[in-house]
Amino acid sequence: MTTELEVGLYIFMLAGFLGYHIITRVPPLLHTPLMSATNAIAAISLVGSLVVAGSDYSNVPNGWVCTLLGFAAVTCSATNAFGGFLITDRMLRMFRTADERAGGKRRPVELQMLGLLLGIVVAVVALLFATKPEGMAMGEYVHEHASTEALRYGYILSAAMFVLGLKGLSSPKWARQGMLLAALGMVVAVVGTLFHHHIVTYRWIALGMLIGAGVGGTMGLRIPMTAVPQRTAISHSLGALAACLVGISEYFRFGGELSRVTLTALDFEVIVGALTFTGSLIAAAKLQELLPGRPITYRGQNIMSLSLLVVIAGSAIYLVITQSATAFFYVMVGMSMIFGLLLVIPIGAADMPVVIALLNSYGGLADAAMGFVLMNKIQIITGSLDGTSGFLLSLLMCRAMNRSITNVLFGAFGSVSEADVTSAAEAKGTTRSISAEETSVLFETARSVIVVPGYGMAVAQAQHAVAELSNILMERDIDVKFAIHPVAGRMPGHMNVLLAEANVPYEQLHEMEEVNPSFPEADIVLVVGANDVTNPAAKSNKSSPLYGMPILEVERAKSIIVLKRSMRPGFAGVDNDLYYNEKCMMLFGDAKESITKLITEMKSLL
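Read on for a plain summary of the structure. Remember, predicted model here, so these are calculated numbers, not experimental data. (Residues numbered from 1 in each chain as written. Predicted model: local features only at pLDDT ≥ 70, side-chain atom pairs only at ≥ 80, totals over all residues. Heavy atoms only, no water.)

## Section: the packing of aromatic side chains
Point 1. As enumerated under the stated definition, the model contains 6 aromatic pairs in all.
Point 2. Considering the side-chain rings of Phe-71 and Trp-204, the 5.5 Å spacing of their centres and the 65 degrees angle between planes classify their relative orientation as edge-to-face. Within this pair, whereas Phe-71 is found in helix 4 (residues 64-94), its partner Trp-204 is found in helix 9 (residues 203-222), the two being separated by 133 residues in sequence.
Point 3. Given a relative accessible area of 15%, Phe-71 falls into the buried group.
Point 4. Overall, Trp-204 belongs to the partly exposed group, its relative accessible area being 32%.
Point 5. Relative to Tyr-330, the ring of Phe-329 has its centre 5.2 Å away and its plane inclined at 85 degrees; by these criteria the two rings are edge-to-face.
Point 6. Three or more aromatic residues joined by ring pairs make a cluster, and in this case those are Tyr-251, Phe-329 and Tyr-330. (Phe/Tyr/Trp six-rings, centres within 6.5 Å; stacked < 30°, edge-to-face > 60°. Helix = DSSP H or I, 4+ residues; strand = E, 2+ residues; numbered from the N terminus. Buried < 20%, exposed > 50% of the residue type's maximum accessible area, 1.4 Å probe, protein only.)

## Thoughts on the pattern of salt bridges
Point 1. Tallied over the entire structure, the rule returns 9 salt bridges.
Point 2. Across the pair Asp-89 and Arg-93 runs a salt bridge whose closest N-O atoms are separated by 3.0 Å. Taken together, the residues Asp-89 and Arg-93, both in helix 4 and 4 residues apart, mark about one turn of the helix.
Point 3. With relative accessibility at 33%, the residue Arg-93 sits in the partly exposed group.
Point 4. Between Glu-468 and Lys-603 there is a salt bridge whose closest N-O contact spans 3.3 Å. A residue pair is termed long-range when its members are at least 10 positions apart, and Glu-468 in helix 20 (residues 463-475) and Lys-603 in helix 24 (residues 591-604) qualify at 135 residues.
Point 5. For Lys-603, a relative accessible area of 46% puts it in the partly exposed group.
Point 6. Each member of the salt-bridge network shares a partner with another, and the members are Asp-89, Arg-93 and Arg-176. (Salt bridge = Lys/Arg side-chain N within 4 Å of Asp/Glu carboxyl O.)

## Here we look at the side chain of Ser-305
Point 1. Looking at the secondary structure, you find Ser-305 in helix 12 (residues 301-322).
Point 2. Judged by relative accessible area, which is 5%, Ser-305 ranks as buried.
Point 3. In contact with Ser-305, other than residues within four places in its own chain, are Tyr-298, Phe-339 and Leu-342. (Contact = heavy atoms within 4.5 Å.)

Listed below in structure tokens is the structure:
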């Protein structure tokens, strides 16, 4: 006879396999919305949090602790759900073709989803009236008989909506419909959970949902697109914290007297949840420049981190074997939080695309483990989907940098001293600078221009100025392309989102493999704040930490203009050989101000 655990494992494996095939079909153009969407879907931890927050703990000593933990988990999960879906929809609204932008066409997606929701409500109400026995009050029938079936079929329906929602991300044309369908799936799952027979009070649930909606809604609607990586890291942190809190609550409630299988899942849930919580906070702090972007290293760091991980794993095994209530469980949770700090602090900001994707995967695995603890199939499915997406994006980012995950986590990439950089720059010679006036004259003679955006564009918030310059060039019959490197920015696909925000049609955005053959025919390449992803040392200098990393082959163009504040190296900490190329000219200054001056000069030449 198949046990519930075996069924859960089958579901986890099948969901991961399905997620792999769906997510590999998502184009790089939509990798940032994909990560944001899977983050929002991972807020399905809300259904487990609702049960914990609303259960009766009158027979549990100090049961208020479980209620408090459940309330905090509901708040964190609701923040993720509201904020995640709102900011994902904001991003997807931006991805439009040139024809759609010119015609101002907008598909009535919201009306379609509203009609679907009303259709579901009508169907459910009709089914209730059709199956209700005569003489029985509707409230009694719903509470005593229909609630269990509603929960079961509601979860099945929401799981299908999540899968179809991710499938929609395979094309910008259907991405918004897919995400709104996934959001509707979340609504169905949450409403169904409110009928759960363990929920006896809704007071703390309502308060947590209200706070989460306020915080998440504000984040989703007001955070600028330049800060999407930081928001994503905070979202990972909140989702992981919710999983950790639910696990702690279950351990406290049952005093550790759980089956070894359940304890194994619970230990995994709190360990991964705790380390993802603190690791994501450090990642967000580095991205926000509250902490230095360079690797923060110390002697013996890898030995210390791995030793702590061994102690944590040994603690988990001990707790599973003893099956008893002990304060050592909470010490293990604390050690896991410390391990999360030690894991991310030594990683440089140049590796943040990999780290963000990997933390996304960890958060999904923590949600899946929560599903095993609570035996909630919908959480197992969504946790598997989230974990799969994060892991795949991590591999894609590592491949784009020609590095391994192990090297990212333990290599302290970017730890190059300023003295080394200075001496290397002196050995290479001098650079040539150019003014905005001279640049405008060069553009007048160009027929083909490729723009290479990087993190510097995001910092200067120059995407709108870049888009305006692109429009001016196209009005003069100049062919304009945008070359996007997979790890440009601080999360996968970040540059695509920023340019879409600035109304650049997504047909103009070209990935690295597609655009590299076009560089020899380009009259001018305009590099806006991209450093490491254009460094020719990655192909020619075996001593460079960038060696082997696929780059945008900017050096093959006829002329190169680089917009940069100074000669300070990028996050890899190494000097860019491109700047000393005889075809390269440096336009120093803030990218937004420089392009604005360039636009003014070009307009004066009309």
